[in-house]
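# Structure at a glance
Listed below, chain by chain, are the residues.
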Amino acid sequence: MTTGQGKHTYKVIGPRRGGDPQPQALTAGRSRLTLTTADGPPFMPRGILRVDSDLVSDVQPTPPASVPPGALPEDEKPMAMQQTAWLPLVLWGQALVLAAAAVAWAHARWGRPHTWVVGVPLLGALGLAVADQAALLLPNLL
């Protein structure tokens, strides 16, 4: 395996399925890599399959942090969300509700074909704006 610390060689201990015992705990200065995937046929997994492997090459020291502590804003830390996205989300949501009401009014006034031509792009654009703001409220996983 190649990481930011260099090339490492691991020896596979063996596969492990759900309910199997975990391998022995490591001593200090050792390392283990566990690959996890689904077990069973494609698109119909039946369980979890883990493949454990122990490091056989030399252990590399942990490099210093590339970003000093306190340098990242709160919004960009792991599992953080952008609290400032609430107001735009509410405003875009209100615009979407008003546009939906306007499209319903236009349907009663103009009929189906004209309303379709005007309403679908409008509601689609506003729906995308709402979804974009809602996505900012999801936890930051990068």
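A brief report on the enclosed structure follows. (Residues numbered from 1 in each chain as written. Predicted model: local features only at pLDDT ≥ 70, side-chain atom pairs only at ≥ 80, totals over all residues. Heavy atoms only, no water.)

## Brief notes about the overall build of the protein
Along the backbone of the protein there are two helices and five strands. Starting at the N terminus and ending at the C terminus, the protein contains elements arranged as β-β-β-β-β-α-α. Counting across all 142 residues of the protein, residues that qualify as buried make up 15%. Just so you have it, the protein exposes about 10900 Å², and 65% of that area is on carbon and sulfur atoms. Side chains of the protein carry 11 positive and 9 negative charges; the gap between the two charge centres is 9 Å. (Helix = DSSP H or I, 4+ residues; strand = E, 2+ residues; numbered from the N terminus. Buried < 20%, exposed > 50% of the residue type's maximum accessible area, 1.4 Å probe, protein only. Areas by Shrake-Rupley, 256 points an atom, 1.4 Å probe, with all protein chains shown as cover. Lys, Arg positive; Asp, Glu negative; His and termini not counted. Charge placed at Lys NZ, Arg CZ, Asp CG, Glu CD.)

## Concerning the pattern of salt bridges
On inspection of all chains with the given rule, the structure shows four salt bridges. Close ionic contact of Arg-32 with Asp-54 constitutes a salt bridge, the shortest N to O distance being 2.8 Å. Of the two residues, Arg-32 sits in strand β4 (residues 32–39) while Asp-54 sits in strand β5 (residues 47–55), which places them 22 residues apart along the sequence. Overall, the relative accessible area of 25% leaves Arg-32 in the partly exposed class. Put simply, Lys-77 and Glu-74 hold a salt bridge, and the shortest N to O gap is 3.1 Å. Accessibility expressed as a relative area gives 28% for Lys-77, which makes it partly exposed. The class of Glu-74 is exposed, set by a relative accessible area of 57%. (Salt bridge = Lys/Arg side-chain N within 4 Å of Asp/Glu carboxyl O.)

## Regarding the packing of helix α1 (residues 86–110) against helix α2 (residues 112–135)
Here α1 crosses α2 at 170°, and the two axes come no closer than 9 Å. On the basis of the axis angle, α1 is roughly antiparallel to α2. Among the residues forming the contact of α1 with α2, the class breakdown is 17 nonpolar, seven polar and one charged. (Axes fitted to C-alpha atoms, helices over the stretch in contact; angles between N-to-C directions. Parallel < 35°, antiparallel > 145°, perpendicular 65-115°, else oblique. Nonpolar A, V, L, I, M, F, W, Y, C, P; charged D, E, K, R; others polar.)

## Concerning the side chain of Asp-52
Turning to its location among the elements, Asp-52 is positioned in strand β5. The exposure class assigned to Asp-52 is buried, which follows from its relative accessible area of 2%. At 2.7 Å, the side chain of Asp-52 forms a polar contact with the side chain of Arg-16. Excluding residues within four positions of it along the chain, Asp-52 makes contact with Lys-11, Val-12, Ile-13, Gly-14, Arg-16, Pro-23, Arg-32, Leu-33 and Thr-34. (Polar contact = N/O pair within 3.5 Å; in protein donor to acceptor, adjacent residues only side chain to side chain. Contact = heavy atoms within 4.5 Å.)

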